[in-house]
Every structure is written in C-alpha cells, then in structure tokens.
Amino acid sequence: MLIATWNVNSVRARLPRLLPWLETLRPDVVCLQELKCRDEDFPAGPLEELGYNILSYGQKTYNGVALLSLERAEDPIRGFPGDPDASQKRVITATFGDLRILNAYVVNGREVGCAAYQHKLDWLAKLREFVAAQLSEYPRLVLTGDFNITFDDRDVYDPEAWREKILCSTPERAALADLTGLGLTDLFRYFHDEGGHYSWFDFRTRGFQRKLGLRIDHFLASGPVLEASRDVRIDLVARDGEKPSDHAPVLLELLEQSEPSERGMTAETDTP
DNA sequence: ATGGTGGATTTTCCA
C-alpha cells in the first residue's frame, strides 16, 4: 500500500505534473495541500478518469487540502469539528480501510514573532487537540502533510543561517514535538538517520538546482502503523523538470493490510 | 539588508 503527501502549490497549475505522476505510481491514497481553488473549481474530471475518488476542502486563492484515493473514503471530516474559525481550509481527515489519515497544511507563519507566527502556534495547538481526539477513536492513524516545521538541524541545509528563523524556531519545533508526544513517530527519520534529505526547495534561491532545501513534509504514525511501515522516500524526480511545485512528494510504503479474519486468528492463536 | 521565483488575482498577497 502506497500513501503520498504533496504540497502541489495550486492543483490546477500542477495538473500536467500530477496526472502522469499518478499514472506512474498509482498511490492508494494521495494527500494534497495548497489547492488554491474552490471545490467547484477542483479539476475532478481527469483525476476521476484515472480511477481516483476525491474529497476536497478548498477555498479561493489560498490553502485548500484534498484526499485522492483508489478506494472510497469513509467518515470524512473537513476542518476541526466545531471550530468557529473555518476561514482557512487546512485539514481534511478520512478512513481508508483500517487506516485513519489526517492531511494537514500547517500555517507557514511568515516570520518569527509576527501575528502570522502566533497564529501558527495557536493553529498547531488546535491540531494537537484534534489529533488526540482522533487517536482515542482510531488507533491506526497517520498524520501527514506540509507541517512547515523542521524537526532538527538534520532537516536544514544551513542550520546556522536558519537558527531560530521561521520553520526552524524552538517554539515551532516544540509544537511539532508535542504532536509526536501523542505517540506518533516521524517515519522518514525512523528509516533514515542521516541529514541532507529535503522535501522543499525555495524557488527564489534556485534551491533545488543547488540541493539546498528543508525537510518540512512529514508522515507521523501511531504504533500499529509504524509496525506496518516499510519505508518513506522523497520523490525528487517530481520536484525536477518543467513547472514543478516547490515541494517534492513524500511516499509511505505500508505492508498490505491483513484480512480481518487473519487478524482475528493471529490475535487468538498467538497466545500459547 | 535585500531580493531572488512562482501562483492567483491583481496592481499586491502569500509562500
């Protein structure tokens, strides 16, 4: 089973890259961020032709998230339940088989100390509350998306230049650690200990050509999903070439789900 | 310190 996350930086502008990528990889679930379009403007037709079901939660110009899946999604939730401020469409959640997937586009925050930065920390606190509630209901859970936060200096091409800057500051990293503190594991780091692997490269500095980037797109998984995980990789080919997004897709490979009867048998027959 | 590029919508905002 293959699950992907990709900040596409406008789903309509990225369609010429997204469609052949879907045809080649055929991920079972794709978590998209930064749609930059309303749901009625989402290019559903060509994606449905490839066999994908679509759950989108978009708005004009900014933000927007979607879940594409080969199998139909169940129990979707758009945004945070009961959130009075639904002006920014940044999170969508659904169940696929026995897996609960939360797809988030975390607030960027612009600059440490500004109003947007405080909004980022406030939003992350709401995300944590939502994830905790979902975990109590769905133990097999994946939280993925564009977190706009590096875990540590291994995720940064020039740690000294980025010290306490946006995407790298101590309060942001503490908020990220608060999420993993719920019992979630950074799956990329679980499989790859070394630094130098990045998922975002700045257009402005021609970061991709210079291999200077940050790792800010993550898969955080609960224990049962960690046990079923095979590998996480960053698809740099999709970041290269004509009209790419500034983010590369990140891919999680899971062991195939066991049959319900098989699971039941294992649980009962494992005990001597 | 600034600007560089890219997308959507517009003469600027956000990343």
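Our subject in this report is the structure included herewith. (Residues numbered from 1 in each chain as written. Chains lettered and ligands numbered in written order. Predicted model: local features only at pLDDT ≥ 70, side-chain atom pairs only at ≥ 80, totals over all residues. Heavy atoms only, no water.)

Notes on the pairing of strand β1 (residues 2–7)
Two faces make up the sheet, and in a regular strand the side chains alternate between them. Counting buried positions along β1 gives six out of six residues, so the element sits mostly inside the fold. Burial along β1 is two-sided: L2, A4 and W6 and I3, T5 and N7, pointing in opposite directions, are all buried. Summarising the sheet, β1 and strand β12 (residues 250–254) pair through four bridges and their orientation is antiparallel. Residue pairing across strands places A4 opposite L251, the latter belonging to β12. Bridge count between β1 and strand β2 (residues 29–33): five bridges; the pairing is parallel. Across the sheet, the residue bridging to T5 is C31, located in β2. Of the crossover connections in this fold, the one passing from β1 over helix α1 (residues 15–25) to the parallel β2 is right-handed. (Buried < 20%, exposed > 50% of the residue type's maximum accessible area, 1.4 Å probe, protein only. Helix = DSSP H or I, 4+ residues; strand = E, 2+ residues; numbered from the N terminus. Pairing = 2+ DSSP bridges. Right-handed = clockwise from strand over helix to strand, strands pointing away.)

Some points on unusual backbone geometry
The phi torsion at E34 lies on the positive side, around 60°, for a residue other than glycine. Tracing the backbone shows E34 in the loop between β2 and α2 (44–49). Judged by relative accessible area, E34 falls into the buried class, the value being 13%. A positive phi angle, close to 45°, is found at K243, a residue other than glycine. You can see K243 is positioned in the loop between α9 (236–239) and β12. Using a relative accessible area of 67% as the deciding quantity, one classes K243 as exposed.

Focus on the packing of helix α3 (residues 115–137) against helix α5 (residues 170–180)
The contact between α3 and α5 brings their axes to 10 Å, and the two run at 5°. By the angle between their axes, α3 is roughly parallel relative to α5. Facing Y117, K120, L121, L124, L127, R128 and V131 of α3, the residues of α5 in contact are P171, E172, A175, D178 and L179. Split by residue class, the contact of α3 with α5 holds eight nonpolar, no polar and four charged. (Axes fitted to C-alpha atoms, helices over the stretch in contact; angles between N-to-C directions. Parallel < 35°, antiparallel > 145°, perpendicular 65-115°, else oblique. Contact = heavy atoms within 4.5 Å. Nonpolar A, V, L, I, M, F, W, Y, C, P; charged D, E, K, R; others polar.)

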